[in-house]
Amino acid sequence: MPKEKKNKVRYHARPISYETVDTENLVYRIHERCSLSPSDVIATLEELKYEVAQCLKEGKKVHIDGLGYLQNTNLTPPNCPTLR
């Protein structure tokens, strides 16, 4: 690799979180963009939450297009005593 490229400073974009958007806010944002009523959006989110939780309890990985993957990762420290 040429020397001038080796010492080149590289910048990486990083998201910065300024606020948290809660469920109620999401419900109304979704409602404004489609024909679902707020109660329809709430019902859909509740069922999604339930189904994702069930799949994770079954040890499955969940992929939601455009959002990403969800999975449980349970790690135990190497010297952790077992529970009895």
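Structure first, text after, so check above.
Residues numbered from 1 in each chain as written. Predicted model: local features only at pLDDT ≥ 70, side-chain atom pairs only at ≥ 80, totals over all residues. Heavy atoms only, no water.

(A) Molecular detail of the environment of Ala13. With respect to the helices and strands, Ala13 occurs in the loop between α1 (3-6) and α2 (23-33). Each C-alpha atom of the pair Ala13 and Ser35 lies 35 Å from the other, and the pair is 22 residues apart in sequence. (Helix = DSSP H or I, 4+ residues; strand = E, 2+ residues; numbered from the N terminus.)

(B) Representation of the layout of surface pockets. Size it by volume and the largest pocket reaches roughly 200 Å³. Around the largest pocket, the lining residues are Leu45, Leu48, Lys49, Val52, Ile64, Leu67 and Leu70. A per-element tally of the lining of the largest pocket places helix α3 (residues 38-57) first, with four residues. Each residue belonging to the lining of the largest pocket can be placed in one class, and the counts come to six nonpolar, no polar and one charged. (1 Å grid on protein atoms, 1.4 Å probe; cavity = no way out; pocket = protein on both sides within 12 Å on 5 of 7 lines; lining within 4 Å. Points joined across faces, edges and corners; volume = space filled by probe spheres on them. Nonpolar A, V, L, I, M, F, W, Y, C, P; charged D, E, K, R; others polar.)

(C) Representation of a nonpolar patch on the surface within the structure. A cluster of nonpolar residues, Val21, Leu26 and Ile30, forms a patch on the protein surface that exposes about 210 Å² of accessible area. Tracing the chain through its elements places Val21 in the loop between α1 and α2. (Patch = residues over 30% accessible without salt bridge, like charges linked within 9 Å, V, L, I, M, F, W, Y side chains within 5 Å. Areas by Shrake-Rupley, 256 points an atom, 1.4 Å probe, with all protein chains shown as cover. Salt bridge = Lys/Arg side-chain N within 4 Å of Asp/Glu carboxyl O.)

(D) Quick peek at the packing of aromatic side chains. Overall, the coordinates contain zero aromatic pairs when judged by the stated rule. Directly above the ring of Tyr69 sits Lys61, whose terminal nitrogen or CZ lies 5.7 Å from the centroid. (Phe/Tyr/Trp six-rings, centres within 6.5 Å; stacked < 30°, edge-to-face > 60°. Lys NZ or Arg CZ within 6 Å of the ring centre and 35° of its normal.)

(E) Quick look at α3. With 20 residues, α3 extends 28 Å between its outermost C-alpha atoms, agreeing within 8% with the 28 Å of an ideal straight helix rising 1.5 Å per residue. Turning to α3, its buried residues are Val41, Val52 and Leu56. Buried residues along α3 cover an arc of 35° about the axis, so they all sit on one side. Next to the buried residues of α3 lie α2, β1 (62-64) and β2 (68-70). Just past α3, the residue Gly59 takes up positive phi, approximately 80°. (Expected span 1.5 Å × (residues − 1). Buried < 20%, exposed > 50% of the residue type's maximum accessible area, 1.4 Å probe, protein only. Arc of directions from axis to C-beta. Contact = heavy atoms within 4.5 Å.)

(F) Seen up close, the pattern of salt bridges. In this structure the tally under the stated criterion is two salt bridges. The salt bridge involving Lys49 is made with Glu46; its shortest N-O contact spans 3.2 Å. Remark: Glu46 and Lys49 occur in helix α3; sequence separation between them is three residues, near one turn of the helix. In this structure Lys49 comes out as exposed when scored by relative accessible area, which is 53%. A relative accessible area of 39% means that Glu46 is categorised as partly exposed. Between Lys60 and Glu58 there is a salt bridge, and its shortest N-O distance comes to 3.0 Å. Note on Lys60: relative accessible area 45%, which makes it partly exposed.

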